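Structure at a glance
For reference, the chains in residue letters:
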Amino acid sequence: MTEESPAVQAAGRAAQHKLIRERATVRIVMGAIAIAVVWWVYGIIQTTRMQSVKWPTLTPVTGGLTVVGLQDIARPGWQPKYLAIQRGYAWIIRRPEDNAGGEPGSAERETPDSPEDQERGSSPVTSKGIAKGEVVEVEEVLEECPTVLTEKHFTGARVEERKEPLFNRSYYIVHVSLAAEARSRYWQFSRDRDDERLVFILKDEIITCPQMKHMDVGTLEIQPIWVKSDATRLADYINAHKQ
């Protein structure tokens, strides 16, 4: 029997080692795919479970952070009780005009005439010619509107600055991370409530009123906030009380 030359033997060993490496690589890839599938299935199960949980009703946090649903858009069988109005750089809550004893259809121009408005300045997106119903106190908003989230439902926050291109002015976004319960509560509440507003109330002051989008998310972008100190105050409070 003819012995193989050293070169042939080396080539054979190289081919064998290559085959072993390829098999090992395949096993690693298949293992990674299996782990990814298991994790994906687990995520679906967890999401389904959290979305189906019947959560107890929340109550506002006295002197803390409470997020309520304003339910400010008319829908079948539901007429809005309140409206969020941006005045200067601040937000106020008003009753719809035809519920405020005024003449339906009348309108007054919003002007920054209070000391707080003058300090904040004029917002480039302030609505003009809005019907003016009665101003609603924050205490009533907290009492009458459903509480969606409180300070215990956030796990962190950060502030991002962006430019409003038309007017070249800065505005701020607070990115807030949601705990699992908060993610579920937001998903359940925002269902059938696209474009309705959430009201972020910090120590009895309205910080901002972003519109809701029905999504299963772990992070919300709270925007726009036109005053940097409002954005940083909200983020700092969340980070100081995060769970």
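That block above? That's the structure.
Thresholds applied
Residues numbered from 1 in each chain as written. Predicted model: local features only at pLDDT ≥ 70, side-chain atom pairs only at ≥ 80, totals over all residues. Heavy atoms only, no water. Helix = DSSP H or I, 4+ residues; strand = E, 2+ residues; numbered from the N terminus. Expected span 1.5 Å × (residues − 1). Buried < 20%, exposed > 50% of the residue type's maximum accessible area, 1.4 Å probe, protein only. Arc of directions from axis to C-beta. Core = buried A, V, L, I, M, F, W, Y, C linked by side-chain atoms within 4.5 Å. Contact = heavy atoms within 4.5 Å. Phe/Tyr/Trp six-rings, centres within 6.5 Å; stacked < 30°, edge-to-face > 60°. Lys NZ or Arg CZ within 6 Å of the ring centre and 35° of its normal. Salt bridge = Lys/Arg side-chain N within 4 Å of Asp/Glu carboxyl O. 1 Å grid on protein atoms, 1.4 Å probe; cavity = no way out; pocket = protein on both sides within 12 Å on 5 of 7 lines; lining within 4 Å. Points joined across faces, edges and corners; volume = space filled by probe spheres on them. Nonpolar A, V, L, I, M, F, W, Y, C, P; charged D, E, K, R; others polar. Pairing = 2+ DSSP bridges. Axes fitted to C-alpha atoms, helices over the stretch in contact; angles between N-to-C directions.

Looking at helix 5 (residues 228-241)
- Here helix 5 spans 20 Å end to end across 14 residues, near enough to the 20 Å set by a 1.5 Å rise per residue.
- Among the residues making up helix 5, those that are buried are Asp230, Ala231, Leu234, Ala235, Tyr237 and Ile238. For helix 5, the buried positions fall inside an angular range of 160° around the axis, keeping them on one side. Helix 5 presents Asp236 and Ala240 as exposed residues on the side facing more than 90 degrees away from its buried surface.

Brief notes about the nonpolar core
- Of all hydrophobic cores here, the largest spans 27 residues; its most connected members are Leu65, Phe154, Val174, Val176, Phe200, Ile225 and Leu234.
- Per element, the largest residue contribution to this core is 5 residues, and it comes from helix 5.
- Residue contacts for phenylalanine 154: discarding those within four places in its chain leaves Leu65, Val67, Leu149, Val176, Ser177, Leu178, Phe200, Ile238, Lys242 and Gln243.
- Listed in part, the 15 residues of the second largest apolar core include Ala84, Cys145, Ile206 and Cys209.

A closer look at the packing of aromatic side chains
- With the rule as written, the count across this model stands at 2 aromatic pairs.
- Considering the side-chain rings of tyrosine 89 and tryptophan 226, the 6.1 Å spacing of their centres and the 45° angle between planes classify their relative orientation as tilted. A residue pair is termed long-range when its members are at least 10 positions apart, and tyrosine 89 in the loop between strand 2 (83-87) and strand 3 (90-94) and tryptophan 226 in the loop between strand 10 (219-225) and helix 5 qualify at 137 residues. Accessibility assignment for this pair places tyrosine 89 and tryptophan 226 in one class, buried.
- With 5.6 Å between their ring centres and 50° between their planes, tyrosine 171 and tryptophan 226 make a pair best called tilted. You can see tyrosine 171 sitting in strand 7 (residues 169-178) and its partner tryptophan 226 sitting in the loop between strand 10 and helix 5, a full 55 residues away along the chain.
- Sitting above the plane of the phenylalanine 189 ring, arginine 193 keeps its charged end 4.0 Å from the centroid.

What about the pattern of salt bridges?
- By the definition in use, this model includes 11 salt bridges.
- Where arginine 75 meets glutamate 196, a salt bridge forms, and the shortest distance between an N and an O atom there is 2.9 Å. Placement of the pair is arginine 75 in the loop between strand 1 (65-69) and strand 2 and glutamate 196 in the loop between helix 4 (180-190) and strand 8 (198-202), with a sequence separation of 121 residues.
- Judged by relative accessible area, which is 2%, glutamate 196 ranks as buried.
- Note that aspartate 195 is salt-bridged to lysine 213, the shortest N-O span being 2.4 Å. Placement of aspartate 195 in the loop between helix 4 and strand 8 and of lysine 213 in the loop between strand 9 (205-208) and strand 10 is noted, with a sequence separation of 18 residues between them.
- Salt bridges sharing common partners tie together Arg75, Arg193 and Glu196.

A closer look at the environment of serine 184
- Relative to the elements of secondary structure, serine 184 occurs in helix 4.
- In this structure, the C-alpha to C-alpha distance between serine 184 and glycine 218, residues 34 residues apart in sequence, is 9.3 Å.

Digging into empty space enclosed by the protein
- If you walk through the whole model with that rule in mind, you get 1 cavity of 30 Å³ or more.
- Considering only enclosed or pocket space, the largest cavity measures out at about 40 Å³ in volume.
- A class-by-class count of the residues in the lining of the largest cavity yields 7 nonpolar, 1 polar and 1 charged.

A look at the layout of surface pockets
- Roughly 290 Å³ of volume is contained in the second largest pocket.
- Sorting elements by how many residues they give to the lining of the second largest pocket places helix 4 first, with 3 residues.
- Of the residues in the lining of the second largest pocket, the class split is 7 nonpolar, 3 polar and 2 charged.

Some remarks on the sheet that holds strand 7
- An order of 6-7-10 is seen for the 3 strands of this open sheet, with the pairing classed as antiparallel. A single partner strand is all that each edge strand has here, and the edge strands are strand 6 (154-164) and strand 10. Sheet twist, expressed as the average angle between the axes of neighbouring strands with direction ignored, equals 20°.

Quick notes on helix 4
- The buried fraction of helix 4 is high, at 8 of 11 residues.
- Regarding helix 4, the residues found buried are Ala182, Ser184, Arg185, Tyr186, Trp187, Gln188, Phe189 and Ser190.
- Directly beyond the C-terminal end of helix 4, a positive phi value near 65° is found at aspartate 192.

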